[in-house]
Amino acid sequence: RIAYVNGRFVPHGEAVVHIEDRGYQLADAVYEVWAVFGGKLADAEGHFARLERSLSELSIDMPMSRKALTIVLKEALRRNRVREGMVYLQVSRGVAPREHAFPLNPIAPSVVITVSMVDRTVSEAKAAKGVGVVTTPENRWGRCDIKTVGLLPNALAKQKAREAGAAEAWFVDELGFVTEGASSNAWIVDREGRLRTRDTNANILRGITRRTLMDVIAEEGLSVDERPFTPDDAHHAQEAFITGAGSLVLPVVSLDGKPIGGGKPGQVAMKLRRLYIERAKATAI
Ligand code: PMP
């Protein structure tokens with residue numbers, strides 16, 4: 001495998017950043033993940049726009065133009081012969097002697113790219129079975145709209161899920177509402193058959209897959225209620241699913257060990273998965 005580090009493609013095992021990289025010491029870094037279909041980037045524009053926003057919220061300059069970044073991302077895929085998979089980009093503020101405040105003199109951001117392959121046959125089998133989710137108290141900071149590498153609460157939540165035999169954890173806020181998953185947005189088809197997902201004015205990540213799926217849903221003549229739901233709502237829902245560049249649209253069949261929708265993937269979720277993938281493939285660049 002080949003990785004990209006600060007202007008160079010290097011063997012994955014030799015791809016390193018400095019010990020005083022601010023991403024390493026302070027999580028002073030943002031990232032993006034694109035799903036890859038046929039060697040092309042899915043929802044490319046959306047992910048670039050969010051990258052620019054995340055960087056600007058942290059006053060880090062975009063390390064290169066969108067156009068240049070697209071070329072480098074695709075080159076990373078090409079060199080690794082990835083047709084179906086994912087590509088990860090991380091941009092940190094850069095390397096400087098450890099201090100919380102930003103370095104006084106401007107430093108160059110660190111840019112890292114890694115790729116991974118996905119066996120779509122395995123993913124489809126997983127989707128056809130559905131996955132379990134556990135709930136966990138929301139304990140993240142107040143800027144979850146910024147896609148930073150400060151992912152310790154997310155990592156701990158995912159570990160809790162794994163130990164329970166589940167694939168994802170849903171954070172639940174002080175009012176008892178689900179905010180989002182540790183690496184995905186959360187949805188239900190409620191007992192009245194309405195699609196429901198939390199609004200993005202709340203402290204959650206504005207998922208790009210979520211956004212594209214909204215367009216797909218509108219084209220299907222369906223509507224989405226952008227309103228939070230509780231785990232109890234999910235237990236009584238007809239269906240539940242998650243969205244993200246990794247999971248795409250993935251049916252959820254249990255929450256905290258109790259089945260949702262009879263413990264089988266819902267029809268709406270499976271249809272939306274198919275339609276999302278079709279659209280992502282058709283619009284990938
Ligand atoms: N929420 C969180 C916390 C995430 O990490 C992700 C995955 N990046 C998502 C939602 C889904 O976002 P996207 O559809 O842009 O991958």
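Preceding this paragraph is the structure being described.
Since we're looking at a predicted model, the values are computed, not measured. Along each chain, residue indices are assigned from 1 in the same order as the chain's sequence is written. In keeping with the model being predicted, local features are shown solely for residues with a pLDDT of at least 70 and side-chain atom pairs are shown and tallied solely at 80 or more, while totals for entire chains, interfaces and linings include all residues.

1. A word on the environment of Ala 35
For helices the rule is a DSSP run of H or I covering at least 4 residues; for strands it is a run of E covering at least 2, with both sets numbered from the N terminus onward. Mapped onto the secondary structure, Ala 35 falls in strand S3 (residues 29–37). Sequence separation between Ala 35 and Thr 209 is 174 residues; the distance between their C-alpha atoms is 9.7 Å. By definition, residues are in contact whenever their C-beta atoms, placed on the basis of the backbone, come within 7 Å of each other. Residues within four places of Ala 35 in sequence aside, it is in contact with Ala 42, Met 86, Ala 245, Leu 248 and Ala 280.

2. Structural notes on the site of the ligand
Should the C-beta atom of a residue, placed from the backbone, lie within 6 Å of a molecule or strand, that residue is near it. Not every one of the 13 residues close to the ligand is listed here, only the nearest: Gly 207, Ile 208, Thr 209, Gly 244 and Ala 245. Secondary-structure elements contributing two or more residues to the shell around the ligand are helix H6 (208–219) and strand S13 (239–244). When residues of the shell around the ligand are assigned to their parent elements, the largest contribution, three residues, is made by H6. For this classification, Asp, Glu, Lys and Arg are treated as charged, while Ala, Val, Leu, Ile, Met, Phe, Trp, Tyr, Cys and Pro are nonpolar and the rest, including Gly, are polar. Its residues assigned to classes, the shell around the ligand comprises four nonpolar, seven polar and two charged.

3. What about the pairing of strand S6 (residues 110–117)?
Sheet analysis places strand S1 (residues 2–5) next to S6, joined by two bridges and oriented antiparallel. Counted as the bridge partner of Tyr 4 is Ile 113 from S6. In the sheet, strand S5 (residues 85–92) pairs with S6 via eight bridges, with the strands oriented antiparallel. Along S6, the bridge assignment pairs Gly 85 with Met 117. When DSSP finds at least two bridges between two strands, those strands are taken to pair.

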